[in-house]
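Chain by chain, the residues:
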Amino acid sequence: MSTQTDTLLLDFPTHPLWTNVFVESHAKVVVPLRWSRVQVWGQISLMYGGTLSFGLVNYPFSEFELIAEELLMSDSMVKVYGALRLSVKVLLMWNSKLQIDGGQDPVVGSSLLEGSNLVALREGSVISSNSNLGVHGQGLLKLYGLGDIIKAQRLFLSLFYNIHIGTGSTLQAPLKDSSKMELITNLLCESPTCPEELIHPSEDCNVNATLSFTVQICRVEDIVVDGLVKGSVIHFHLARTVTINPGGLVTSSELGCRRGMGKGLISSNGAGGGGGHGGKGGPGFFNGHLTEGGEEYGNADLPCELGSGGGNSTSGGTTTGGGLIVMGSMEHPLSRLEIFGSMRADGESSKSIMESQNVDVMGGSGGGSGGSLLFFLQTLTLGNNSLLSSSGGHGGQPGGGGGGGGRVHFDWFNIATGDEYVPMAAVNGTILTRGGTGIDDGHDGKDGTLTGKECPKGLFGVFCEECPIGTYKDVNGSSEALCIPCPPEELPHRAAYTFVRGGVTKPSCPYECISDKYHMPHCYTPLEDLIYALGGPWLFGLLLSGLLVLLALVLSVARMKFVGTDEFSGPTPTPHESQIDHSFPFLESLNEVLETNRTEESQSHVHRLYFMGSNTFNQPWHLPHSPPDEITELVYADAFIKFVDEINSLAAYQWWEGSVYSILSLFAYPFAWSWQQWCRKKKFQQLREFVRSEYDHACLRSCRSRALYEGLKVAATPDLMVAYVDFFLGGDEKRPDLPPRLQQRFPMCIIFGGAGSYMAPYTLHSDNLLTSLMGQVVPATIWYRLVAGLNAQLRTVRQGRLHSTLMPVITWLGTHANYGLSLQGVQVDLAWFQPTASGYYQLGLVVNSVDEVAHTTPVSEFSNTISIEQLRTNDVCSYRQYVPCLGNSQYTHLSSTDRRINGAIINSFTLRCLKNQKDVLFPLSFVLRNTRPVGHQDLVGLIISILLLGDFSLMLLTLLQFYSISLGAFLVVLLILPLALLSPLPAGINALFSHGPRRSAGLARVYALWNVTSVVNVVVALIYGSVHYKIQSTSDEGAQNFHALNFSTEESGWWLFPTTLLLCKCVQAPMVDWHIANLEIQDRTLYSKDPAKFWES
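How each quantity is defined
- Residues numbered from 1 in each chain as written.
- Predicted model: local features only at pLDDT ≥ 70, side-chain atom pairs only at ≥ 80, totals over all residues.
- Heavy atoms only, no water.
- Helix = DSSP H or I, 4+ residues; strand = E, 2+ residues; numbered from the N terminus.
- Buried < 20%, exposed > 50% of the residue type's maximum accessible area, 1.4 Å probe, protein only.
- Contact = heavy atoms within 4.5 Å.
- Areas by Shrake-Rupley, 256 points an atom, 1.4 Å probe, with all protein chains shown as cover.
- Patch = residues over 30% accessible without salt bridge, like charges linked within 9 Å, V, L, I, M, F, W, Y side chains within 5 Å.
- Salt bridge = Lys/Arg side-chain N within 4 Å of Asp/Glu carboxyl O.
- Lys, Arg positive; Asp, Glu negative; His and termini not counted.
- Polar contact = N/O pair within 3.5 Å; in protein donor to acceptor, adjacent residues only side chain to side chain.
- Pairing = 2+ DSSP bridges.
- Phe/Tyr/Trp six-rings, centres within 6.5 Å; stacked < 30°, edge-to-face > 60°.
- Lys NZ or Arg CZ within 6 Å of the ring centre and 35° of its normal.
- Axes fitted to C-alpha atoms, helices over the stretch in contact; angles between N-to-C directions.
- Disulfide = S-S within 2.5 Å.
- Parallel < 35°, antiparallel > 145°, perpendicular 65-115°, else oblique.
- Nonpolar A, V, L, I, M, F, W, Y, C, P; charged D, E, K, R; others polar.
- Core = buried A, V, L, I, M, F, W, Y, C linked by side-chain atoms within 4.5 Å.

A.B. asks: Explain the overall build of the chain to me, using residue names and the numbers behind them.
C.D. replies: Helix and strand counts for the chain come out as 22 helices and 50 strands. Looking at the chain as a whole, 55% of its 1097 residues qualify as buried. Taking the contacts inside the chain whose residues are at least 6 apart along the sequence as the reference set, 65% of them involve residues at least 24 apart. For the chain, the exposed area adds up to about 46,600 Å²; of that, 56% sits on carbon and sulfur atoms.

Quick look at the structure:
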């Protein structure tokens, strides 16, 4: 059927059915029947202003059924006077209206619209009813935008898969202007009990006028609100998710009770008090009269009451409280509620009443109290800028009291505990239950309540969150006061309480160490684990000390068994015809030199020419180009100069050798010393091999010497610091005056080996040739005794402190040496020789006959201008002959002896003029120094063994301690000087278990070097530790939570191990010095103060 004019329909065909009905072009179709059924096979289409009307205006009691596949409305209207039963698959409305007027007769049934597939309202479409209205479907209900409205006195939406309330669209019930509004709310306003249907609603979701709801959305999977949902009592039931997007609003504000159980009072000439609910209403105050506000009522743990009004209903100026919004039910909570917009149940403010009703009262009315927001949920999300509000309204002017705040309650479903717990709420928005503001002298309403379901153990608060870290809760309840702080005495140091899913339910709160380097359960470092596993610090210290002593005893016994009598027995006789090296550091006593054999080389020896320099990288060996007077007749001058050039070139070091030494000196000085000694040995072998086999001896005049390669020989002291070239006759010189006798060689120079350092002390090396020469005048036993005694004195001479350490040597030469030699007609004096331009000079002895010394010009004959008094003062130091470091070879005012030895005699007056040569390692000479023997070798060895093992133990404990700080700290302490901390133990064991005093003393010096080198690592450990723990203590003072970062003052003892290690190393140093002295000087009579007893021994 199609119509474009006004049409009256009194009957509808049922067989066959109309296929489609089209009402267009402002046509009107009227069905004026009391009851009718319109059924169309296809669609009903109302277009271009078409109108379809059912029933009579003056008799709105009819009931109509409209059944079709589709109802399409565009710019059209459907009017129903009575009740409508609409059943379609698709209901589409475009700028159209569907009005249902049920009149005022309660007998008229509820209207029901069913769109099984789709119900859509667009472009300001409206579905309205002044009675009850139900909208059912199985698909989508969508209000697209601005002006799209579904409103009724009671509104029920159900069975849809999805409901979407678009931006600007509205769902509303009851109608604000309806006279039935108060009838609906009054059912709840005076009842102190919660209606059953609010807590346990029916599951059939049918339209039921007896229920308390004004808006119910039931059995809908997903509900999305971008617009407005408004009602006195709103219920979302049997829904899966509800989402209120930004701009969306679900509200029952100002739709509660005008009176109610907490209504505010008003006096005839005073201001009204605010309504009460969750909080007491604020009293009104006007003209000196105080009007009380409404009292609190309801149950904070299950609020289902509407808010109460303020003032007096008879005055016409009362306000309305907030309504009630219920989400879910006890049996069927919402799976998820997401609010990014607002949900409100606020009380009405008096100001809005005064503006809208223009009520003139003597005092202002009180504000309405907030309503109730009741949530049965599984999860909640409150987004940024979202709002949940059940606040009281403001009082009116003048003097109106503010309404009390409402109630908000969260009833969580099936709160999981323990490891199954998941947070139920993500709250980033705002929840308000505050009281309204009183105007002028009116008082503010009290705040309402915000509560949650009683939380199980371990959880607290409205949202049942885990108790804060460091607290536990072992009872049910929601108060934060139930979260009790964990017992601090059960929390180890360096531990922090940990987060536990579901909260902590027992006083034994779980914790973890603040770093992986600490070990559970006590959060000890590996070092502390070891200490406390052995009974604690004191017992650990006793056990460690006892173990060290026991191991040291075992080590000493093993050492004595292994070493035998090399170190501990006295000197043994030397077999006949054996050849002995009488050089330092092994000082032979008289018994060791009795049977020394003589060589025949002395019979052809002419002269010994010493190399200048100390065979170091900056002072290499070199020979002077001018041949001395003693060999001028034996060599060709030009050939000798060429020979010297070749020797000096060969003796010089490559640049990279010195560079390697410098690098090793920075990181491992013992290796640098070993490298230097290896280079010295290699250089000496090159020189000796060159002179022995490569050089043709062309500088010698003797043909036999050139042919046999026997005229020149290179030798050196054992320390490889002093070398010399010996010149021999070839046998064809035909010179009866050669070789010269010893007396003809006087004054004869003997240069000391060594450099006055710890590793190379000064020593007089007496080889077989020198012994044979001296044997011409001095018996070998006396000479060896002199060498041993002199070396015993020289070992304590230190470069850098020559003024103080050489004086005992000068004194000893005068009191002991010359005491025994004078009987042989010989005298020895200390002297310096061969100064270089760099300031280096060599020390040694000048051997002269007693007669020549007696006739030599004494000190008083130096110069007419130098007197004995001047020599006793510092003025003598102004003369260059007494300052060898100046390197001036023109020695004026020297005695004849001084001129012949290319140097000068050192005595008590000239000693002060010697320049001390100090290097960067000079400060170490106060720790590492050669001392006199102390004896008790067994005891010294035992103490060294204890200290060595203690050093190793303390080193391990220190490294373990710094590893507990961090791996970086461990590596810094270990590798600041690589191998320095680890090398003392193997070096010490090697020194203690070496055969023979000679080897053992040399290795002991290397051990001492490693010991002192490792001090750098220990000092770095102390500096690093002090900085680390200072920073840490500062951070601890600024920490706000003691349990979050729990360090105690026990960290103040961090310095114990490194300090003890440093002390152990400082004690080791003199012990090793004494051990070396005991090894090198086994004849204690060498230090006899009585010259007679010295020579008698």
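A.B. asks: I'd like to hear about a nonpolar patch on the surface, residue by residue, with values.
C.D. replies: A cluster of nonpolar residues, L530, L534, L539, L542 and L543, forms a patch on the protein surface that exposes about 440 Å² of accessible area. With three residues, the single largest contributor to the nonpolar patch is helix α5 (residues 537-563). Inspection of the secondary structure assignment puts L530 in helix α4 (residues 526-533).

A.B. asks: Tell me about the side chain of R407, and name the residues and values.
C.D. replies: Locating R407 in the fold gives a position in strand β34 (residues 407-412). Buried charge without a partner: R407 forms no salt bridge, and the closest opposite charge is E296, 4.9 Å away. A polar side-chain atom of R407 sits 2.7 Å from the main-chain carbonyl oxygen of Y297. Apart from the residues lying within four places of it in its own chain, the contact partners of R407 are H277, G278, Y297, G298, N299, A300, P303, G371, S372, L373, S390 and T449.

A.B. asks: Explain the pattern of salt bridges residue by residue, including any values.
C.D. replies: Counted under the stated rule, the structure contains 13 salt bridges. A salt bridge links R1005 to E1080, with the nearest nitrogen and oxygen atoms 2.5 Å apart. Residue R1005 is located in helix α20 (residues 997-1038), and its partner E1080 is located in helix α21 (residues 1056-1080); the two are separated by 75 residues in the primary sequence. Note on E1080: relative accessible area 2%, which makes it buried. What you see here is one network of salt bridges that share partners, running through E221, D222 and R240.

A.B. asks: Break down the pairing of strand β13 (residues 126-129) for me, citing the residues and quoting the values.
C.D. replies: Here β13 shows no split at all, with V126 and S128 on one side and I127 and S129 on the other all buried. Relative to β13, strand β11 (residues 97-101) runs parallel, the two being bridged by four bridges. Paired with I100 across the bridge in β13 is S129. Relative to strand β16 (residues 149-151), β13 runs parallel, the two sharing three bridges.

A.B. asks: So what's going on with the packing of aromatic side chains? Which residues, and what values?
C.D. replies: Under the definition given, this model contains 21 aromatic pairs. Here the aromatic rings of F1094 and W1095 are separated by 5.1 Å at their centres, their planes lie at 80°, and the arrangement is edge-to-face. Taken as a pair, F1094 and W1095 share a single burial class, namely buried. For R608, the ring lying beneath its charged end belongs to Y724, and the centroid distance is 3.9 Å. Directly above the ring of Y653 sits K683, whose terminal nitrogen or CZ lies 5.0 Å from the centroid.

A.B. asks: Can you explain the sheet that holds strand β48 (residues 826-833)? Please cite residues and give values.
C.D. replies: Strand order in the open sheet formed by four strands is β47-β49-β48-β50, and the pairing between neighbours is antiparallel. One side of each edge strand has no neighbouring strand; the edge strands of this open sheet are β47 (748-751) and β50 (903-905). The mean inter-strand angle of the sheet, taken between neighbouring strand axes irrespective of direction, is 35°. Examined bridge by bridge, β47 and strand β49 (residues 842-849) share four bridges and lie antiparallel to one another.

A.B. asks: So, the state of the cysteines: which residues are in play, and what are the values?
C.D. replies: Tallied over the entire structure, the rule returns six disulfides. Disulfide partner of C189: C257, at an S-S distance of 1.7 Å. Where C189 bonds to C257 through sulfur, the torsion about that S-S bond is close to -100°, and the disulfide is left-handed. Of this pair, C189 sits in helix α1 (residues 181-189) while C257 sits in the loop between β25 (249-251) and β26 (284-286), and the two are 68 residues apart along the sequence.

A.B. asks: An account of the side chain of T771 is needed here, citing residue identities and associated values.
C.D. replies: Mapped onto the fold, T771 is located in helix α11 (residues 768-774). With residues up to four places along the chain from it excluded, the contact list for T771 reads S766, W783 and Y784.

A.B. asks: Before we move on, could you go through the packing of helix α7 (residues 655-667) against helix α8 (residues 669-694) and cite the residues and values that matter?
C.D. replies: Angle between the axes and distance between the axes are the two parameters that describe a pair of packed helices. Between α7 and α8, the least distance of the axes is 6 Å, while the angle of their chain directions is 155°. When the axis of α7 is compared with that of α8, the two are roughly antiparallel. Seen from α7, the contacting residues are W656, E657, V660, Y661, L664, S665 and F667; seen from α8, they are Y669, F671, A672, W675, Q676 and C679. Among the residues forming the contact of α7 with α8, the class breakdown is 10 nonpolar, two polar and one charged.

A.B. asks: Could you give me a rundown of the nonpolar core, with the residues and numbers involved?
C.D. replies: Core analysis: the largest hydrophobic core is formed by 80 residues, its most contacted members being M327, M343, F375, F410 and W412. In terms of residue count, the dominant contributor to this core is strand β10 (residues 77-94) (seven residues). If sequence neighbours within four positions are ignored, M343 has contacts with I244, L249, V250, I325, M327, L373, F375, L387, L388 and S389.

A.B. asks: Help me get a handle on unusual backbone geometry, residues and values and all.
C.D. replies: With the exception of glycine, most residues fall at negative phi, and the peptide bonds are largely trans. For the bond from Q397 to P398, the omega torsion is -5°, close enough to zero to count as cis. With respect to the helices and strands, the residue P398 is situated in the loop between β33 (387-389) and β34. With omega at 5°, the peptide bond leading from M520 into P521 counts as cis. Tracing the backbone through its elements, the reader meets P521 in the loop between β43 (511-513) and α4. Backbone geometry places Y48, a non-glycine residue, at a positive phi of 55°.

A.B. asks: Explain the environment of L992 to me, and be specific about the residues and the numbers.
C.D. replies: The topology assignment puts L992 in helix α19 (residues 984-992). Spatially, the C-alpha atoms of L992 and M560 are 9.5 Å apart, while their sequence positions differ by 432 residues.

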